[in-house]
Amino acid sequence: MQNLLEAMMLICFGFSWPISLINNYRTRTAHGMSLPFILLILFGYLCGITAKIIAGKVNYVLIVYFFNLFAVSLNLLVYFRNRKIDRQVHKDANTKRVAIRS
């Protein structure tokens, strides 16, 4: 029962990551995304995976941990992509302002 409840908790969190990923990808901005938050979540999942392995409790719950780790890792990649887009948009806006003033 403990493994089932742990898996259900992870599945509930796990459904939110793909939704977040799609939203962040579509918005094309890093505004509202937090790098420390994403890194903290990744660290937490890595700790959970490590705890399972050390305890010798390698079971189906570990699959859910890995899925969540993968989904959050994709969010991390999208964060850096969106940050790059934000910098380019800011650069383009500054270039247009300079051109207008000249």
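Residues numbered from 1 in each chain as written. Predicted model: local features only at pLDDT ≥ 70, side-chain atom pairs only at ≥ 80, totals over all residues. Heavy atoms only, no water.

## Structural notes on the overall build of the protein chain
Now for step 1: Each helix and strand in the protein chain was counted, giving three helices and zero strands.
Now for step 2: At 19 Å, the protein chain has a C-alpha radius of gyration far larger than the 13 Å of a compact globule built from 102 residues.
Now for step 3: Each principal axis of the C-alpha distribution contributes one length, and for the protein chain these read about 70 × 20 × 15 Å.
Now for step 4: Counting over 102 residues, the protein chain shows a buried share of 31%.
Now for step 5: The contacts of the protein chain with a sequence gap of at least 6 include a subset with a gap of at least 24, amounting to 81%.
Now for step 6: With the model as given, the accessible surface of the protein chain reaches about 7200 Å², and the carbon-plus-sulfur share is 72%. (Helix = DSSP H or I, 4+ residues; strand = E, 2+ residues; numbered from the N terminus. Rg over C-alpha atoms; globule rule 2.2 N^0.38 Å. Buried < 20%, exposed > 50% of the residue type's maximum accessible area, 1.4 Å probe, protein only. Contact = heavy atoms within 4.5 Å. Areas by Shrake-Rupley, 256 points an atom, 1.4 Å probe, with all protein chains shown as cover.)

## What about the packing of aromatic side chains?
Now for step 1: Counted according to the given criterion, the structure contains three aromatic pairs.
Now for step 2: Each ring, one from Trp17 and one from Phe37, has its centre 6.3 Å from the other, and the planes form 40°; the classification is tilted. Highlighted residues: Trp17 in helix H1 (residues 2-27) and Phe37 in helix H2 (residues 35-55), separated in sequence by 20 residues.
Now for step 3: Look at Trp17 and you get buried, because its relative accessible area is 10%.
Now for step 4: On the basis of relative accessible area, Phe37 is assigned to the partly exposed category, the value being 45%. (Phe/Tyr/Trp six-rings, centres within 6.5 Å; stacked < 30°, edge-to-face > 60°.)

## Some thoughts on a nonpolar patch on the surface
Now for step 1: Taken together, Met1, Leu4, Leu5, Met8, Ile11, Phe15, Tyr60 and Ile63 make up a surface patch of nonpolar side chains, about 890 Å² in accessible area.
Now for step 2: Going through the elements one at a time, H1 and helix H3 (60-101) are the ones with two or more residues in the nonpolar patch.
Now for step 3: Considering each element in turn, the nonpolar patch owes the most residues, five residues, to H1.
Now for step 4: By the secondary structure assignment, Leu4 is in helix H1. (Patch = residues over 30% accessible without salt bridge, like charges linked within 9 Å, V, L, I, M, F, W, Y side chains within 5 Å. Salt bridge = Lys/Arg side-chain N within 4 Å of Asp/Glu carboxyl O.)

## So, the confidence of the model for the protein chain
Now for step 1: Averaged over every residue, the pLDDT of the protein chain is 92; the share at 70 or more is 94%.
Now for step 2: The spread of mean pLDDT over the elements of the protein chain runs between H3, the lowest at 90, and H2, the highest at 96. (pLDDT = per-residue confidence, 0-100.)

## Topic: the side chain of Asp86
Now for step 1: Mapped onto the elements, Asp86 comes out in helix H3.
Now for step 2: Buried Asp86, no salt bridge; nearest opposite-charge side chain is Arg83, N-O distance 7.6 Å.
Now for step 3: Once you skip the residues sitting within four places of it in the chain, Asp86 turns out to touch Arg28, Thr29, Ala30 and His31. (Lys, Arg positive; Asp, Glu negative; His and termini not counted.)

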